[in-house]
Amino acid sequence: MNKRIAMIAYTQLPYDSRVIREASAAIDCGFQVDFYTLKQPRDAEIPGVTMINSSFDQYKGSNKLAFIYTYLRFFTFILLKISINHFKNPYAVIHVNNMPNFLVFGCLLPKLFGAKIILDIHDLMPELYAEKFHLPLNHFLIRLLYLEERMSGRFANVVIATNRLQVERFHENKIKKKEYPIILNASDEEVFKPFTDHNFHQEQFNLIFPSTLAKRLGLDLLVEAMKIVSEHRQNIVLHIYGDGEYKDGLVELIQDKNLNGQVKFHGVVDHPSLSKAYEKAHVGVVPWPSNYSTNYQMPIKMNEYFIKGLAAITSDVRIIKEYFSDCTLFYQAGNAKDFAEKILYLEDNRQLAKDLATKGHTFYLDNSWSKYKLRYQQLITQLAGKPN
């Protein structure tokens, strides 16, 4: 059996734990892994994986043409590099992480010569870009993205989903696969060590939100809710971790609301440091609005909250209600007042916070990465063993 696998991701490794988990899982079951990606920080690597980095960074702006240009530039890099390397030493499997989906077509020559192609759809591009650029789903550009997803999915041998609502959407878009393996965004126990020893009755009540700092993820609403909270309690503190296009706007908003004492911005930290930060918190929050994208997009942070023994307060978006209805406290999406009231309610009811954290940790135990790691390893081993 050929045990060489290539992975492709237009990403920055410090912010993308899913691709790290899958690459490490391939290494653990005996594959040699080449990882094709963007220019990375000097210390960004995956043990045992050969990194093949392009010379350019991830684009984080909001210009449509710039997005297209950077995606096409990365596609060209993949098309040339992976074709040359496949002929030197063939790959059995090539695992392409979206976005974009059309990166699979950069693997045309390897596929023609026997490589099996996986398309791992983390995010639904039509819904995400409809929301990002304020376009209706029937806009011709969004219809093109549905076509891009459909054709890319049909080109791939296997399409991986992150949750069962995505599977429904793939059927609606007629990708036409018999099945879509689900690899949940479960947290890696080796990175985020399970922890349940929180003191939910200490005086300071700590909230945490680590994420890409994009305005579309509800950061304004989160700060507005904390402004309301600050008018009633001084012992509730929100800790925000991350980086992104809205960082400067977020810092300015916190200052304008005079929340520097109750909303603390920590910037980017590595996963071990974030794991320690979780252990000092009590509640993880998800301030997402309800829109085309968020109703299908599984927030990986929920699984990190639960593995680290936190309670959760989240907006009532469809995907979270589908998976976490009995282990999170919901507020009405888009309603800062209701969000603030739920924060205050949980601070007043510390035993409820502890009970929610216990239920969340039980969800983690039933959906640990070790379960999905085995599913992924079985998938790539089966593909690698199939005849051309």
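Residues numbered from 1 in each chain as written. Predicted model: local features only at pLDDT ≥ 70, side-chain atom pairs only at ≥ 80, totals over all residues. Heavy atoms only, no water.

1. Here's the deal with the layout of surface pockets
Okay, so step 1: Empty space within the largest pocket amounts to approximately 640 Å³.
Okay, so step 2: Along the wall of the largest pocket there are 31 residues; nearest its centre are Ile-20, Glu-45, Pro-47, Val-191 and His-271.
Okay, so step 3: Of the residues forming the lining of the largest pocket, the biggest block, 6 residues, is contributed by helix H1 (residues 17-28).
Okay, so step 4: Here the lining of the largest pocket is composed, by residue class, of 16 nonpolar, 5 polar and 10 charged. (1 Å grid on protein atoms, 1.4 Å probe; cavity = no way out; pocket = protein on both sides within 12 Å on 5 of 7 lines; lining within 4 Å. Points joined across faces, edges and corners; volume = space filled by probe spheres on them. Helix = DSSP H or I, 4+ residues; strand = E, 2+ residues; numbered from the N terminus. Nonpolar A, V, L, I, M, F, W, Y, C, P; charged D, E, K, R; others polar.)

2. So, the sheet that holds strand S9 (residues 263-267)
Okay, so step 1: With parallel pairing, the 6 strands of this open sheet are ordered in space as S9-S8-S7-S10-S11-S12. Looking at strand neighbours, the two that pair on one side only are S9 and strand S12 (329-331), the edges of this open sheet. Each strand axis lies, on average, 25° off the axis of its neighbour in the sheet, ignoring direction.
Okay, so step 2: Two strands pair when backbone bridges link them, and strand S7 (residues 205-210) and strand S10 (residues 283-286) are joined in this way by 2 bridges, in the parallel orientation. Bridging across to S10, Leu-207 finds its partner in Val-283.
Okay, so step 3: In the packing of helix H13 (residues 350-366) onto the sheet, contacts are made with S7, strand S11 (311-315) and S12, and the angle to S11 comes to roughly 90°. (Pairing = 2+ DSSP bridges. Axes fitted to C-alpha atoms, helices over the stretch in contact; angles between N-to-C directions. Contact = heavy atoms within 4.5 Å.)

3. Quick word on the sheet that holds strand S3 (residues 50-53)
Okay, so step 1: Spatially, the 6 strands line up as an open sheet ordered S3-S2-S1-S4-S5-S6, and their pairing is parallel. Taken across any chain shown, the strands that pair with only one partner, and hence form the sheet edges, are S3 and strand S6 (158-160). Sheet twist, expressed as the average angle between the axes of neighbouring strands with direction ignored, equals 20°.
Okay, so step 2: Examined bridge by bridge, strand S1 (residues 4-9) and strand S2 (residues 32-37) share 6 bridges and lie parallel to one another. In the strand pairing of S2, Ala-9 is matched with Thr-37.
Okay, so step 3: Along the sheet face, helix H2 (residues 64-88) touches S1, S2, S3 and strand S4 (93-97) and points at about 155° away from the line of S2.

4. A word on the pairing of S11
Okay, so step 1: Taken across its 5 residues, S11 has 5 buried, putting it largely inside the fold.
Okay, so step 2: With burial as the criterion, each face of S11 is covered, one bearing Ala-311, Ile-313 and Ser-315 and the other bearing Ala-312 and Thr-314.
Okay, so step 3: Pairing between S10 and S11: 4 bridges, direction parallel. Opposite Gly-284, over in S11, you have Ala-312 as the bridge partner.
Okay, so step 4: At this point the chain moves from S10, through helix H10 (residues 300-307), to the parallel S11, and the crossover so formed is right-handed. (Buried < 20%, exposed > 50% of the residue type's maximum accessible area, 1.4 Å probe, protein only. Right-handed = clockwise from strand over helix to strand, strands pointing away.)

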